[in-house]
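Observations on chain architecture
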Amino acid sequence: MQNCFRSQFSVEEVECEDIEASRRTSSVDEDSIDLACTLSRSNDLGDSDLHHTPVIKMGWLDKTPPQGSLIFQKRWVMLDAQYLRYFQNEKEVYSKRIIAILSVTEVLNVGEQKFEVVTRNRTFLFRAENNTVREEWVSVLKETIQQRRSSMEMSLMNFSFTSGQRDSGVSLISKQGYLEMNGLRSKVYVVICADRVFLYGNAEEHSQGVGITYIEMNVGTVKSTDKRSFNLTTFYRTFSFLAESAQQRDQWVEALQDCVSRSLSSDVVAQKIWAVEANQRCADCGAPHPDWASVNLCVVLCKCCAGVHRGLGQSVSKVRSLRMDEKVWTDNLIQVFLLGNNRVNLFWAANMPPSEALHPSSDSEKRQRFVSAKYCQGKYRRYHALFGQQEALNKALCSTVQTDDVLETLSLVFCGADVNCYTGDPELPSPVSVAQHYGQILQVEFLTHNHNTGNFSYYESEKSSSQSGGLKMSDVLCLLVNPPGKHGYAHSFELYHDSGRVYLFGEDSSDKVKGWIKAIAKALVPSAAEDLVCWPFERVGRLRYTEGQSHHSPLLGWFSLGGSRLLLLLHGADRVENIDLRKIKELSMELEAGAVVLVDGGRSLRVEGDRRPDFQGWLSGLQQGSGRGDGPLDQQQLTDTDVPVIVDRCMSYITQHGLKSEGIYRRCGVNSKIAALLFFLRHDARQVRLIEEERQVDDVANVLKRFLREVGEGVFNGHQASLPWLHTTTISEMSERVSQYQALLHSLPRVNRATLGAVINHLYCVQCFADENQMNMHNLAIVFGPTLFQMDGTDNSAGQVVEDLIQNYQDIFNVDAEQFQRQLDMISHVIKAQKEHTKEGSPSPLTICGVYLERKEEGSELLVQISQEVSAEELVCKVLRRRNIPPQQGDYWSCFLVDDNQEIERPLHYQERALTIYFSLGKDCHLVVKKNCYMEAILTYIAGRVDVSRNGLIKFCEEKGQRGKGTFSRRLCVLSGLSLRLYKEVKSSQPERECPVHALKVYCGIKRKLQPPSCWGMTVLCEKAVRDTQQWYLCCESKNELIEWLATFMSLQVLEREGREVELTGPVLDARGQLAGCPVGSTCL
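Residues numbered from 1 in each chain as written. Predicted model: local features only at pLDDT ≥ 70, side-chain atom pairs only at ≥ 80, totals over all residues. Heavy atoms only, no water.

Taken in spatial order, the seven strands of this open sheet run E12-E10-E9-E8-E15-E14-E13, and their pairing is antiparallel. The open sheet has two free edges, formed respectively by strand E12 (213-216) and strand E13 (221-224), since each of these has just one partner strand. Ignoring which end each strand starts from, the neighbouring axes of this sheet average 30 degrees apart. One ladder, built from seven bridges, connects strand E8 (residues 173-181) with strand E9 (residues 187-193); its direction is antiparallel. Looking at the pairing, Tyr178 lines up with Tyr189 of E9. Sheet contacts for helix H5 (residues 246-264): E8, E9, strand E10 (196-200), E13 and strand E14 (229-233); angle to E8, the most-contacted strand, approximately 125 degrees. (Pairing = 2+ DSSP bridges. Helix = DSSP H or I, 4+ residues; strand = E, 2+ residues; numbered from the N terminus. Axes fitted to C-alpha atoms, helices over the stretch in contact; angles between N-to-C directions. Contact = heavy atoms within 4.5 Å.)

Set out below in structure tokens:
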């Protein structure tokens, strides 16, 4: 791998923060893109997953920063036999720069405390804490370089630096080329080599020898996300790439998936185990070349049987791959499996009738029955002579483990002998310790893998001969790790049993408790869910849940919670999902039902507590992890761009309604209203909607200021961290000051950096309207300097920093000028249109309207200029023409109003004014142009109707502000030309609810948290008056029934809009022969 790296990397160091600049010069050390991780190096995922070779030396060093400034930057530096790397801090997994040891020509002392790492094209200058530390680094570097050169001398002679081939002629590089990476203006050069992916600033770096970082693919997964984009996800972060075409994307995804397979696969173990002829066929069905095994049952299995074994759970069968789980397969375990399937089956299948034998072609149902009978029930096993005599079995086990007869031990264990039994000897208290004493390493290996097959026993003391109690792991619902000091122990954990009992265990030794937690957690979860326990979780266990609308049949899933991260393995899933609770769309509690509803990424999960004692802890943990209004920035509810929802809500409201408000941010609001609004936002900002009629601009502005002033540690991450920002104002040269601001910005935590960028962006927009709001840069700086730095205002340098940030916003925050100008233009157009709209009779200005095509996703938004008179039909035509989509006869294109928060949508009437709808959109709403999938069926239904009305039974629920599941009950629904009426009973003479047709707005869909009884629902808004809006939910039993109701609603509203008599019969068609509710594509020709 070192040779491969040298073929890719040479000497020049250019990191990704400014890749375009790096292509112009090779002498400038540019800091790389922020590769901050969602999980840090400190997590218990194991350094073996990250490094092929052990670390020789690591520690903090100062290093010359970007653009050759004399101010050093502190970096965490690591050296191993292959690479010298440095990181932003000791918790980061992905380096800012990586230098191949073979590319280093010499290491030199330079002045006091400093030393240089010299390559042919580049010199890296480091500074140690003192001369002693400097000498240690220089000495170790020289020794490592010499050793590496000696060991690789012959390999380098036969190695091609341009092709990446060894002397065997086998290429280690499977694919290389440029890709766009999310968050960068320029492309990165990506190389897939063996089982790693390397990132470079450009192709020249690839040929020279110094890279940015590499990604170990044994912890990676690859998934396509769009037509040209794909994600490479690891435990630590997600890398988002964009290829030049869909074909290129597919090639990259395929190459990366092959890389993952290479990193996880190895034939070494399989070949050793297949050396025994009996292991060349599955122990259960006889399928050839089985490449899976149950390490505690000692049988080699095919893929199909292994899947059934995995379903039995970790407590019954611990399934591992011969190819991918290479680390599990120690030499001792391989020796155990050399017993062979035939000899092991002398126990497991000794009494199996030929008629019940399994075959490779057997279906899954028969396979399930057979495997369960063989291993869970022991139906075919050879019963030991001591079966049923527990004490005798235990004594026989303690005696047998002193010999090399592993088959006899297997027979004893699976006939009831306790692998945790007390031997009677305090010096050798367990069968494992006896086997170790007698040097029976294969017995130790077998017992170790069966040590946690389901029993957890505890004793009064280590000298006790009988256990005080025990638990079956299959009966444990949850493992909880307590914070230090709780319950009187330095370290403790709790086990929640399905009987309702809670078991508390504590110990002052951190290492002992961690060891027990690790062992119990692995025994608790199934093998497919082991990723749930490979990080510092707070609680892990199984919970019942429903997804979407399938709430009638709860499924069992495995969940792991720690801080703001929720890891889960749902039923039938093949990989663990990782959810950032701070960024979920909604979290609501159903206290009476004992459940919690979590909405994330368009999906709704309803997790049920079953009135378990541990569920209250799950609820509390989820609430804490989803964002605390009284915590620091990184513990707030966040948007997808890492900005606190409170900040985003307030700034969006000011942008829409207050940019031209005179004295914005200087005027005082009503203190009681400010305090109340801030309280609600801190409690749950996701549920707060800022509406113009209900909130004053000055109140919202003061809420933003108060939050930023009071938030823990502030935007600049504490008083000490803010001092360098204040000292920067003493630098006279503005270019140097800007460079220092850039370095300080990069040192901020991710959420703080995103928040500061969003606030300064907002203030820049505010000062663009200074002629009207009287708030120029200086005035805004006076207000926001003390606010952001959380000071009393006596230090003028705080205001100077903010003014510098606003004035140099694009340079400091690396903002694309063209994109930012589009943002300003759009704000100006919207404000102008709003102002003109209030003047009766004034000509309608052109306004930029953001519309999505097909669906809301990156790259699908179009900015279309429209006037006040443009209809929904004309907007559809504009969008189709912009994207060169020729409408086909039979295509029914519509403009839909989509509400993401309510999870509903409705097609606009073709005559509706698009701009009026656009201005009325809430934060979670947008317009989408797409085909109307129901329109053809609706036309067919209307064409066969004589009258335009409908009645029938329908399930109904009314919005009453409840946060939990809605209660749907049957109602008689009558829809005619005058009104929609709902009757509680079929025989009722008076309607329970009634709304005129002209006041109705009908949307497709019902929000998931209400748990509708079917997926064929409608949300009906009855707007009788400005402040009298009722929201009803109507749920149909089939798709056809939904189409009939929608068709009737649409027809009646078309009649109402066009002023026709309701008594007209037949389908309602416009002059072009199309339903007026939805323009057809052919009308755009």
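This part is about the packing of helix H24 (residues 777-789) against helix H25 (residues 796-807). With their axes 7 Å apart at the nearest point, H24 and H25 run at an angle of 120 degrees to one another. Put simply, H24 runs oblique to H25. For the crossing formed where H24 meets H25, the hand is right-handed. Contact with H24, carried on its side by Met777, His778, Leu780, Ala781, Phe784, Gly785, Pro786, Leu788 and Phe789, involves Ala798, Gly799, Val801, Val802, Glu803, Ile806 and Gln807 of H25 and no other residues of that element. Among the residues forming the contact of H24 with H25, the class breakdown is eleven nonpolar, four polar and one charged. (Parallel < 35°, antiparallel > 145°, perpendicular 65-115°, else oblique. Left-handed = near helix turned anticlockwise from the far one by under 90°. Nonpolar A, V, L, I, M, F, W, Y, C, P; charged D, E, K, R; others polar.)

Looking now at helix H30 (residues 935-943). An α-helical segment advances 3.6 residues per turn. Residues three or four places apart therefore align on the same side. Along H30, the residues classified as buried are Met935, Ile938, Leu939, Tyr941 and Ile942. On an axial view of H30, the arc spanned by its buried residues comes to 165 degrees, and they lie on one face. With respect to the buried face of H30, the exposed residues turned more than 90 degrees away are Glu936, Thr940 and Ala943. (Buried < 20%, exposed > 50% of the residue type's maximum accessible area, 1.4 Å probe, protein only. Arc of directions from axis to C-beta.)

Another aspect to go through is unusual backbone geometry. The phi dihedral of Gln113 falls on the positive side, at around 70 degrees, and the residue is not glycine. Summarising the element assignment, Gln113 is placed in the loop between strand E5 (104-110) and strand E6 (114-119). One non-glycine residue, Asn717, lies in positive phi territory at about 65 degrees.

A side chain with one charge can pair with a side chain of the opposite charge if their charged atoms come near. Per the counting criterion, the structure on display carries 34 salt bridges. For Glu608, the salt bridge is made with Arg606, and the minimal N-O distance between the two is 2.9 Å. (Salt bridge = Lys/Arg side-chain N within 4 Å of Asp/Glu carboxyl O.)

This part covers the side chain of Ser430. Among the secondary structure elements, Ser430 is positioned in the loop between helix H12 (406-413) and helix H13 (431-437). With a relative accessible area of 19%, Ser430 lands in the buried category. Beyond its immediate chain neighbours, meaning those up to four positions away, Ser430 contacts Cys421 and Thr423.

As a further point, take the side chain of Asn773. If you trace the backbone, Asn773 turns up in helix H23 (residues 770-773). Engagement of the side chain of Asn773 in a polar contact is seen with the backbone oxygen of Val766, the distance being 2.9 Å. Non-local contacts of Asn773, meaning those with residues more than four positions away in its chain, are made with Leu659, Lys660, Ser661, Glu662, Gly663, Ile664 and Val766. (Polar contact = N/O pair within 3.5 Å; in protein donor to acceptor, adjacent residues only side chain to side chain.)

Of the two faces of strand E15 (residues 238-242), only the one carrying Phe239 and Phe241 is buried; Thr238, Ser240 and Leu242 on the other face are not. Note: E8 against E15, two bridges, orientation antiparallel. Looking across to E15, one finds that Glu180 is bridged to Leu242. Across five bridges, the pairing between E14 and E15 is antiparallel. For Leu232, the partnering residue across the bridge sits in E15 and is Phe239. Two successive antiparallel strands, E14 and E15, enclose a turn made up of four residues.

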